Amino acid sequence: MPEKHAKKLNRLLRVRTLQLDMVRADEVAARDKVAAEESMRARIAQLAEGVAPAPAPTPGSATTLIAAAHYRERLHQSAFAAERRVAEAERGLNSAQDATREAKRDQTAIEKLLARAEANVARKAMRALEDMPSVPKKRHDPC
């Protein structure tokens, strides 16, 4: 029975380790997504600064001003959408981190059970050795 239990625990440990690896991969993907969204947000902010209205020495045409205003409005909408995407990506990252902690906790629990089972087997073997009858010492007769 103990060997069956150990095999079951080893199998569970392999499964939990695979699950932990998968969850860690999801967490890395979530971190990459957050980084990509923050990079996009920074790029949009940089573009918005580039088309910010500035005093010109000579007034431009009305069409140019209207086009710049339209472009600024589109960038503002994009910046708002980027903020939402960053917030969503951060929520996803937090969720992935929670899942990683939970998977690690599960794996650690299985490792502890496995270590406890191995300690029990070793303890039983030690008791069996202690309970064995002692071997009488052989005497040499000087005859």
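Structure shown above.
From a predicted model like this one, the values you see are computed outputs, not experimental measurements.

Rules of the game
Residues numbered from 1 in each chain as written. Predicted model: local features only at pLDDT ≥ 70, side-chain atom pairs only at ≥ 80, totals over all residues. Heavy atoms only, no water. Helix = DSSP H or I, 4+ residues; strand = E, 2+ residues; numbered from the N terminus. Buried < 20%, exposed > 50% of the residue type's maximum accessible area, 1.4 Å probe, protein only. Contact = heavy atoms within 4.5 Å. Areas by Shrake-Rupley, 256 points an atom, 1.4 Å probe, with all protein chains shown as cover. Salt bridge = Lys/Arg side-chain N within 4 Å of Asp/Glu carboxyl O. Polar contact = N/O pair within 3.5 Å; in protein donor to acceptor, adjacent residues only side chain to side chain.

**A look at the overall build of the chain**
Line of reasoning, step 1. Helix and strand counts for the chain come out as two helices and zero strands.
Line of reasoning, step 2. Residues classed as buried in the chain amount to 15% of the 143 residues present.
Line of reasoning, step 3. Considering only contacts within the chain whose residues lie at least 6 apart along the sequence, 94% involve residues at least 24 apart.
Line of reasoning, step 4. Of the accessible surface of the chain, which amounts to about 11600 Å², a share of 59% is contributed by carbon and sulfur atoms.

**Here we look at the pattern of salt bridges**
Pairing is possible between side chains that carry opposite charge, provided their charged atoms lie close to one another.
Line of reasoning, step 1. Tallied over the entire structure, the rule returns six salt bridges.
Line of reasoning, step 2. R91 is the partner of E88 in a salt bridge, and the nearest nitrogen-oxygen pair spans 2.6 Å. One end of the pair is E88 and the other is R91, both in helix α2 (residues 62-131) and three residues apart, which spans about a single turn.
Line of reasoning, step 3. Accessibility expressed as a relative area gives 45% for E88, which makes it partly exposed.
Line of reasoning, step 4. With a shortest N-O distance of 2.3 Å, D98 and R101 are connected by a salt bridge. Placement of the pair is D98 and R101 together in helix α2, with a separation of three residues, close to one helical turn.
Line of reasoning, step 5. Classification of R101 as partly exposed rests on a relative accessible area of 48%.

**Considerations on the side chain of Q107**
Line of reasoning, step 1. Along the chain, the position of Q107 falls in helix α2.
Line of reasoning, step 2. With relative accessibility at 7%, the residue Q107 sits in the buried group.
Line of reasoning, step 3. Setting aside anything within four residues of it in sequence, one finds Q107 in contact with L13, R16, T17 and L20.

**Comments concerning the side chain of E27**
Line of reasoning, step 1. Relative to the elements of secondary structure, E27 occurs in helix α1 (residues 2-50).
Line of reasoning, step 2. Assessed through its relative accessible area of 11%, E27 is described here as buried.
Line of reasoning, step 3. A distance of 2.8 Å separates polar atoms of two side chains, one belonging to E27 and the other to T100.
Line of reasoning, step 4. The residues touching E27, leaving out its near neighbours within four places in the chain, are L93, A96, Q97 and T100.

**Focus: the environment of L13**
Line of reasoning, step 1. Relative to the assigned elements, L13 resides in helix α1.
Line of reasoning, step 2. If we ignore the near neighbours within four places in the chain, the residues touching L13 are Q107, I110, E111 and L114.

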